[in-house]
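# Chain and residue survey
Take a look at the letters that make up each chain.
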Amino acid sequence: MKCLKNIALILITGSFTACNHGVQGNKQPTGAKDTLTYNYKTFKQRDADCGNSPDSTCTIAKITYPDFDSKKTLNDSVTRSFIKLFATNTGKTDTGYSQLANNFIGTYKTFKKEQPKSTLIFLLDGHARVLKQDSDILTVEISGYSYSGGPHGVDLTSYVNWDKKTNKSIALSNILVAGYQDKLNHIAEQIFRKNEKLLDTAKLNNGRTYFFKDNKFSLPDNYLILPEGIRFLYNVYTIKPYVAGKTELLVPYTQIKALLLPNSAVKNHIK
């Protein structure tokens, strides 16, 4: 019976623990043109063994995110991006923050069964925040830290670029001409090699510094639309060893003018 009470307590704590209504900067000014209003919310779930221990000493999943007023499609897109970034390989499909947290803590329970004497604790601390919004585009950054055993945890980041006119995520095909891939890839590779101080003939998969598949440069499906260009982000382990961290690659609009569609969501950024 005591066990059932403990489970019930955990289910209660695994709820929306903070709504942060009215926090400065969360709400856009009343009457502002073409802005979306939102409040930051926090979902937190602790492992059943935490008891009265502080969060810093037990396994916990904590997720902070913006909840946009009356924008279900946008909220769902942020949720999906969050799950894609932090989902654990449990063989289950996460459909929301609650299930993401449940499955993450489930990996810890499995770990404890296999290694009952271990004193390690797991941590998922993720947050999504609005970076910028204008009359056409809203950008959200999803980032955080996850540790689920092993020598170290990982810091991960992804983005949601939202077209406020069409109420959809902005794919590169929405702002670039058909067949853009090879040309964009070529321009981006030149920028990458310059940033990394690499010769045109330098290998991109040498088993140590870089590990692009098949020794061919490629762009990640992870980008942020900025006023000056498109910034691509390679997370840890994507193209470099863990110690190298993340790699950012900015492709300015000035270098891809011929690829940009007229009257797209980035039209106001093109000069």
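A short tour of the structure in this document, coming up. (Residues numbered from 1 in each chain as written. Predicted model: local features only at pLDDT ≥ 70, side-chain atom pairs only at ≥ 80, totals over all residues. Heavy atoms only, no water.)

## What about helix H2 (residues 72-86)?
- The end-to-end C-alpha separation of H2 is 21 Å, in line with the 21 Å expected for 15 residues at 1.5 Å each.
- Every buried residue of H2 is listed here: Leu74, Asn75, Ser77, Val78, Thr79, Ser81, Phe82, Ile83, Leu85 and Phe86.
- At its buried positions, H2 is contacted by strand S3 (60-68), helix H3 (97-114), strand S4 (123-133), strand S5 (137-147), strand S6 (154-163) and strand S7 (168-169). (Helix = DSSP H or I, 4+ residues; strand = E, 2+ residues; numbered from the N terminus. Expected span 1.5 Å × (residues − 1). Buried < 20%, exposed > 50% of the residue type's maximum accessible area, 1.4 Å probe, protein only. Contact = heavy atoms within 4.5 Å.)

## Comments concerning the sheet that holds strand S8 (residues 223-225)
- Read across the sheet, three strands follow the order S8-S9-S10 without closing on themselves; strand pairing throughout is antiparallel. Only two strands of the sheet have a single neighbouring strand rather than two, namely S8 and strand S10 (247-252). Across the sheet, the mean angle from the axis of one strand to that of its neighbour is 20 degrees, orientation sign disregarded.
- In terms of strand pairing, strand S9 (residues 229-234) meets S10 through six bridges, oriented antiparallel. For Arg231, the partnering residue across the bridge sits in S10 and is Leu250.
- The strands touched by helix H4 (residues 181-196) are S9 and S10; relative to S10, the strand with the most contacts, the crossing angle is about 125 degrees. (Pairing = 2+ DSSP bridges. Axes fitted to C-alpha atoms, helices over the stretch in contact; angles between N-to-C directions.)

## Thoughts on the pairing of S5
- In terms of burial, S5 is a largely internal element, 10 of the 11 residues being buried.
- As paired strands, S4 and S5 are joined by 10 bridges and run antiparallel to one another. Residue pairing in the sheet places Asp125 in a bridge with Tyr145 of S5.
- Where S4 hands over to S5, the hairpin turn is made up of three residues, counted between the paired strands.

## Observations concerning H4
- Compared with the 22 Å implied by 1.5 Å per residue over 16 residues, the 22 Å span of H4 between its first and last C-alpha is a close match.
- Those residues of H4 that fall on the buried side of the exposure criterion are Leu184, Ile187, Ala188, Ile191, Phe192 and Arg193.
- Tucked into the core, H4 has its buried residues touching S9 and S10.
- Immediately downstream of H4, the backbone of Lys197 shows phi near 60 degrees, a positive value.

## A word on the state of the cysteines
- Inspection of every chain in the model, using the stated rule, returns one disulfide.
- Paired through a disulfide, Cys50 and Cys58 show a sulfur-sulfur distance of 2.4 Å. Measuring the twist about the S-S bond at about 100 degrees, one finds the Cys50-Cys58 disulfide to be right-handed.
- The buried category is assigned to Cys50, whose relative accessible area is 4%. (Disulfide = S-S within 2.5 Å.)

## Remarks on the nonpolar core
- The biggest cluster of nonpolar side chains holds 34 residues, and the ones touching the most others in it are Phe68, Val78, Phe82, Phe86, Leu138, Val140 and Ile142.
- For this core, the secondary structure elements donating two or more residues are strand S2 (38-46), S3, H2, H3, S4, S5 and S6.
- Counting residues per element, this core draws most heavily on H3, which supplies seven residues.
- Dropping the residues within four chain positions of it, Ile142 is found in contact with Val78, Ser81, Phe82, Leu85, Phe86, His127, Ala128, Leu156, Thr157, Ser158 and Val160.
- By size, the runner-up hydrophobic cluster in this structure holds 30 residues, among which are Phe192, Leu249, Ile256 and Val266. (Core = buried A, V, L, I, M, F, W, Y, C linked by side-chain atoms within 4.5 Å.)

## Notes on the environment of Leu233
- With respect to the helices and strands, the residue Leu233 is situated in strand S9.
- Of the residues examined, Leu233 reaches a relative accessible area of 4% and is grouped as buried.
- Along the primary structure Leu233 and Thr157 are separated by 76 residues, whereas in three dimensions their C-alpha atoms are 8.0 Å apart.
- Excluding anything up to four places from it in sequence, Leu233 contacts Thr157, Tyr159, Pro220, Asn222, Lys246, Thr247 and Glu248.

## Re the environment of Gln255
- For Gln255, the position within the fold is in the segment after S10.
- Judged by relative accessible area, which is 42%, Gln255 ranks as partly exposed.
- Along the sequence, Gln255 and Leu184 sit 71 residues apart, while their C-alpha atoms lie 9.3 Å from each other.
- Beyond its immediate chain neighbours, meaning those up to four positions away, Gln255 contacts Ile187 and Ile191.

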